[in-house]
Amino acid sequence: MARENNKICRVFKALAEPKRYRIVTMLANGKMSASEILKHFNVTQPHDMRLLIDAELVNNQRIGKSVMYELNPEMLQNMIDVLTAIQHPETADSADEAE
């Protein structure tokens, strides 16, 4: 449980910076190459992409000379589950009891 909490905290920390949040909202429309993402920003920070990948919020894949990025649907679902448990703690308690 503590490991899952740490993962979720890394996600929210990654999203706390406006540029990284904007990248995630752009990726909500589908896969994008690094160059497509960079077109939207004056300054590029590979550090921003690394944080999103380390938080498991974004997956990357090298295709030839390009790097493609996409959202990680499993982590998005984890975030939804966590927020639902916060909003409806009684649901989370009954789910824990079922396990």
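What you see is a predicted model, and the numbers here were worked out from it, not measured in a lab.

Chemist: Would you take a moment to explain the pattern of salt bridges for this structure?
Modeler: Proximity of charged atoms lets side chains of opposite charge pair with each other. Per the counting criterion, the structure on display carries five salt bridges. Between E56 and K7 there is a salt bridge; the shortest N-O distance is 3.6 Å. Of the two residues, E56 is situated in the loop between α4 (46-54) and β2 (58-63) and K7 in helix α1 (residues 2-15); the sequence distance between them amounts to 49 residues. Judged by its relative accessible area of 29%, E56 is partly exposed. On the accessibility criterion, K7 (13% relative accessible area) is buried.

Chemist: Even after reading the chapter, I still don't get the nonpolar core, so can you show me in this structure?
Modeler: Membership of the largest hydrophobic core comes to 22 residues, with the highest contact counts inside it found for L27, I37, L52, L57, V58 and Y69. Those elements giving two or more residues to this core turn out to be α1, α2 (18-27), α4, β3 (66-71) and α5 (73-87). Beyond its immediate sequence surroundings of up to four residues, L57 is in contact with V11, L15, V24, L52, E70, L71, N72, M75, L76 and M79.

Chemist: Help me understand the side chain of D48 in this model?
Modeler: Within the secondary structure, D48 sits in helix α4. For D48, a relative accessible area of 6% translates into the label buried. For D48, the residues in contact, after removing those within four places along its chain, are E17, K19 and R20.

Chemist: Even after reading the chapter, I still don't get α5, so can you show me in this structure?
Modeler: Think of an α-helix as turning once every 3.6 residues; residues three or four places apart then point the same way. Taking 1.5 Å as the rise per residue, α5 with 15 residues should run 21 Å; its terminal C-alpha atoms sit 21 Å apart, in good agreement. The residue sitting at the N-terminus of α5 and contributing the capping side-chain oxygen is N72; that oxygen lies 3.0 Å from the backbone nitrogen of E74.

Chemist: Before we go on, may I ask you to explain the sheet that holds β3 in this structure?
Modeler: The strands that make up a sheet are held in pairs by hydrogen bonds between backbone atoms, and each pair lies either parallel or antiparallel. Pairing in this open sheet of three strands is antiparallel, and the strands run β1-β3-β2 from one edge to the other. Both edges of this open sheet fall to β1 (32-33) and β2, since each of them pairs with a single strand only. Strand direction decides the pairing type here: β2 and β3, joined by six bridges, are antiparallel. Counterpart to R62 in the pairing with β3 is V67. Each of β1, β2 and β3 touches α2; the most contacted strand, β3, lies at about 85 degrees to it.

Chemist: So what exactly am I meant to see when it comes to the side chain of N72 here?
Modeler: As for its position among the elements, N72 is in the loop between β3 and α5. Classification of N72 by relative accessible area gives buried; the value is 11%. Other than its neighbours up to four places away in sequence, N72 contacts E56, L57, V58 and N59.

Chemist: Would you take a moment to explain α2 for this structure?
Modeler: Taken together, the buried positions of α2 are occupied by R20, I23, V24, M26 and L27. Projection of α2 onto a plane perpendicular to its axis shows the buried side chains occupying an angular sector of 160 degrees, all on one side. Along its buried surface, α2 packs onto α1, β1, α3 (34-38), α4, β2 and β3.

What counts and what doesn't
Residues numbered from 1 in each chain as written. Predicted model: local features only at pLDDT ≥ 70, side-chain atom pairs only at ≥ 80, totals over all residues. Heavy atoms only, no water. Salt bridge = Lys/Arg side-chain N within 4 Å of Asp/Glu carboxyl O. Helix = DSSP H or I, 4+ residues; strand = E, 2+ residues; numbered from the N terminus. Buried < 20%, exposed > 50% of the residue type's maximum accessible area, 1.4 Å probe, protein only. Core = buried A, V, L, I, M, F, W, Y, C linked by side-chain atoms within 4.5 Å. Contact = heavy atoms within 4.5 Å. Expected span 1.5 Å × (residues − 1). Polar contact = N/O pair within 3.5 Å; in protein donor to acceptor, adjacent residues only side chain to side chain. Pairing = 2+ DSSP bridges. Axes fitted to C-alpha atoms, helices over the stretch in contact; angles between N-to-C directions. Arc of directions from axis to C-beta.

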